[in-house]
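What follows is each chain in one-letter form.
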2 protein chains.
Amino acid sequence: MSDESRTHTGARPTLAAVAQLAGVSNSTASLAFSGTGPVSDATRERVLAAARELNYAGPDPRARSLRTGRSGIVGVVIEEHVRDAFRDPIKIALLDGISQELAVIDAGLLILTDTGEAAGRIQDASMDAVVLIGCSPRLDESIAALRQRGIPLVAIEGDPSGDVLTIGQDNREATRLAAQHLWDLGHRDVALVTLPLDRDRIRGPLTPEREAHGSSNTTMERLAGARDVFPDAVAFTARGSFVEEGTIAGHALLDDPNHRPTAIIAQSDLLAAGVIRAAEELEIAVPGDLSVVGFDGVRVDGLWPYDLTTLVQPAVEKGRAAGAAIVEMLDGEAPEPIGFTSEFHTGNTTAPPSR
Amino acid sequence: MSDESRTHTGARPTLAAVAQLAGVSNSTASLAFSGTGPVSDATRERVLAAARELNYAGPDPRARSLRTGRSGIVGVVIEEHVRDAFRDPIKIALLDGISQELAVIDAGLLILTDTGEAAGRIQDASMDAVVLIGCSPRLDESIAALRQRGIPLVAIEGDPSGDVLTIGQDNREATRLAAQHLWDLGHRDVALVTLPLDRDRIRGPLTPEREAHGSSNTTMERLAGARDVFPDAVAFTARGSFVEEGTIAGHALLDDPNHRPTAIIAQSDLLAAGVIRAAEELEIAVPGDLSVVGFDGVRVDGLWPYDLTTLVQPAVEKGRAAGAAIVEMLDGEAPEPIGFTSEFHTGNTTAPPSR
DNA sequence: CTGAAAGCGCTTACAG
DNA sequence: CTGAAAGCGCTTACAG
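Residues numbered from 1 in each chain as written. Chains lettered and ligands numbered in written order. Predicted model: local features only at pLDDT ≥ 70, side-chain atom pairs only at ≥ 80, totals over all residues. Heavy atoms only, no water.

A.B. asks: Talk me through the overall build of chain A; I want residue IDs and the actual numbers.
C.D. replies: Scanning chain A from terminus to terminus reveals 15 helices and 13 strands. Computed over the C-alpha atoms, the radius of gyration of chain A is 27 Å, more than 25% above the 20 Å expected from 2.2 N^0.38 for a compact globule of 355 residues. In terms of overall dimensions, chain A has a C-alpha envelope of 90 × 40 × 35 Å along the principal axes. Expressed as a percentage of its 355 residues, the buried residues of chain A come to 55%. Residue pairs in contact within chain A that sit at least 24 positions apart in sequence constitute 71% of those at least 6 positions apart. Summed over its atoms, the accessible surface of chain A is roughly 15,000 Å², and 50% of this surface lies on carbon and sulfur atoms. (Helix = DSSP H or I, 4+ residues; strand = E, 2+ residues; numbered from the N terminus. Rg over C-alpha atoms; globule rule 2.2 N^0.38 Å. Buried < 20%, exposed > 50% of the residue type's maximum accessible area, 1.4 Å probe, protein only. Contact = heavy atoms within 4.5 Å. Areas by Shrake-Rupley, 256 points an atom, 1.4 Å probe, with all protein chains shown as cover.)

A.B. asks: Break down the UniProt feature "domain: HTH lacI-type" (unreviewed entry) in chain A for me, with residues and values.
C.D. replies: Annotation from UniProt places "domain: HTH lacI-type" (unreviewed entry) at residues 13-68 of chain A. Secondary structure across residues 13-68 of chain A comprises 70% helix and 0% strand; the distance between its end C-alpha atoms is 21 Å. (UniProt positions renumbered as here; feature names shortened; annotations may be inferred.)

A.B. asks: Go over the interface of chain B and chain A, please, and point to the residues and values.
C.D. replies: Interfaces are frequently sized by the accessible area removed from exposure as the parts join. Listed as interface residues are 52 residues of chain B and, on the opposing side, 52 residues of chain A. Taken together, both faces of the contact between chain B and chain A bury some 4,200 Å²; the carbon and sulfur share is 53%. The interface formed by chain B and chain A includes 4 salt bridges. Among the elements of the structure, helix 5 (61-68), helix 6 (82-86), helix 7 (89-102), strand 2 (108-113), helix 8 (119-124), helix 9 (141-149) and helix 13 (243-254) of chain B are those that each provide at least two residues to the side of chain B that touches chain A. If one sorts the elements of the side of chain B that touches chain A by residue count, helix 5 of chain B sits on top with 6 residues. (Buried area = accessible area lost by both parts, 1.4 Å probe. Salt bridge = Lys/Arg side-chain N within 4 Å of Asp/Glu carboxyl O.)

A.B. asks: So what about the protein's contact with DNA strand C? Which residues, and what values?
C.D. replies: Neighbouring DNA strand C are 21 residues, the closest being L15, S30, Y56 and R67 of chain A together with T43 of chain B. A distance of 2.6 Å separates a base oxygen of DNA strand C from a polar atom in the side chain of R67 of chain A. Those elements giving two or more residues to the surface near DNA strand C turn out to be helix 3 (26-34) and helix 5 (61-68) of chain A together with helix 3 (26-34) and helix 5 of chain B. Take the surface near DNA strand C: its biggest share by element is 4 residues, from helix 5 of chain A. Considering only residue class, the surface near DNA strand C consists of 8 nonpolar, 9 polar and 4 charged. (Near = heavy atom within 4 Å. Polar contact = N/O pair within 3.5 Å; in protein donor to acceptor, adjacent residues only side chain to side chain. Nonpolar A, V, L, I, M, F, W, Y, C, P; charged D, E, K, R; others polar.)

A.B. asks: I'd like a rundown of the domain arrangement of chain A, residues and numbers included.
C.D. replies: For chain A, the domain assignment lists domain 1 (2-59), domain 2 (71-169 + 315-340) and domain 3 (171-313). Averaged C-alpha coordinates put domain 1 of chain A and domain 3 of chain A at centres separated by 63 Å. (Domains from an automatic or database assignment.)

A.B. asks: Quick rundown of the pattern of salt bridges? Include the residues and the values.
C.D. replies: Any two side chains of opposite charge can pair, on the condition that their charged atoms come close. Residue and element names in this part refer to chain B. Taken as a whole, this structure holds 32 salt bridges over all chains when the rule is applied. A salt bridge links R52 to E45; its shortest N-O distance comes to 3.3 Å. Classification of E45 by relative accessible area gives partly exposed; the value is 43%. With its nearest N and O atoms 3.8 Å apart, the salt bridge here joins D60 to R62.

A.B. asks: Outline unusual backbone geometry, listing residues and values.
C.D. replies: Residue and element names in this part refer to chain A. Cis rather than trans, the peptide bond between V286 and P287 has omega equal to 5 degrees. Turning to its location among the elements, P287 is positioned in the loop between helix 14 (269-281) and strand 10 (291-293). Its identity is not glycine, yet D106 carries a phi of approximately 60 degrees, on the positive side. Among the secondary structure elements, D106 is positioned in the loop between helix 7 (89-102) and strand 2 (108-113). By relative accessible area, which is 34% here, D106 ends up partly exposed. Even without glycine at this site, E283 takes up a positive phi of about 55 degrees. Along the polypeptide, E283 turns up in the loop between helix 14 and strand 10. The class of E283 is exposed, set by a relative accessible area of 74%.

Written as structure tokens, this is what we have:
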């Protein structure tokens, strides 16, 4: 027997080789591994012994997935580089929620970035389903190809769109609520710090032209909510949801003592924390001379003693909803779109304006 | 022609259907898509037109990967849950570095957790290669199966082991350096806060028994380095590299005013930040009454005005080295193991003991 | 430049 | 409980 096994070194052993050595057919060997069909204990044992002898590690996943039509892999497409996505606690919470639900069907999580150049990966990977995080399913070419492939697609906060299931968030209504809170406190001169407008992620003042061409659903909805209350608010767009970006934006909006807003609405907590940092550097008291609101409800280390006024969104829940929807779709069901609601949290970073 | 296309609705179109509609052979249609072989422009155009007509989105990745033997997917196995891994800046830096290099070969990143129950995924996923982060390749069963499969394996800070390429770190020497720094300052009563000892991640005082059975390479090496200078140091093991865990450990080591160390060596910066937080809560001055050193050299938000004395490790570089090694191995080369060195950074959290 | 044929390694009805 | 056969959808030498 060990002679026989030696003839198989070099190339990886196959199920056929194992079957041959065990003296059974391919089908029986296959059943012995999958545990699906009825195989006698003696036969199974013979097959497993042959596998051990040949150093066979089990059926090749590639062949199995061609045959069964399933790869056991669910793709997650993010818009930015891996490094940036992983710095955003909201994105991590989403991934966490997704992976919790996918664990149920034992699927792996394939991280794909859609930064333009690497679009090939999106089309060439064997995936059973795909979750889009913050991508615009309507516009994107590589995503169009996925839709054509007909695999289940779920978009978290994407543009609602025909064949893509959307997990939504009340971005506009929630931001409007925060803006109204500032209005009610007496603020009239309010500035905005926005998330990126599109995949290009250009930092700078938000001009009407750029605003007209914004394609990021989340950014545009939160912007609309703020504009519902403060239509003419000055705005500055950050390169991403990072504290440093908030600080840069804060300085851009606050450095000139003659043109300072009394409040700033930031589209994320990290941006808000950065704005507060900029205010500290400029010796502007928060909330005495500047009110700040965020969005997300994530814990920002080092913000203490500030308790940020913000909109708490259920990020892990959203991820779980996306994961659960994928599981249902793979099961042939057609789940309904889901909308999530944020909760307004009144912290100690907002107060009536001092002037 | 549109009648012909209609007959294909329902099932996904295949390359064969496209070839038939275009009036060419399978091989020619395949070449038209891959762009590999010589195909006349006219023929290619006819194939692509047929594909458009049938709504064919390109060759099925599953079939292609069975045929070519490559899936374009590289697995990354982490030991903990997704959520925990993504909270650790070092792990994110490693992933970032890996993904930078994998972008070169346009490979996707499949995140797999090795928390015990989900081990099936590790064996069943089609991957061209695997990077192990902080797993012990020697002990783990699911990883043994990967080795048997014969795909390239790279371990970051794993136990050096036969057929697994190791990307190392001078954990022991570096920690010894930090311990010596404390010794030179005059500290004799030093306590340790360690990372988890094994996959079970149990929090609590480090007993000799538990220490004897520790399996996490990184933890054990850093522990050995500290013991080189302070053989009898009391130690407390955290559940993971988080600020809160450091705070818990800090309280465990500092709450009793009669048995307080004059210095604490934490095995990560996040743990060190937590220890400092605990000290603040107990009104113990750092570095006046307590010196604290960390490991990693990551920016911890909210630590200011402290500048942590720590060992700066090149995490992104390590990730890149792992990614580059994978690329080489997939190319048939046999790269050498690499060892990385940490740099000692003297901050303002260490000083001579006050007693 | 194009086609006919083999085969990647498996799973799954279908018989027996 | 076991086997013979078909086929998942593609790519790749090999001819021509």
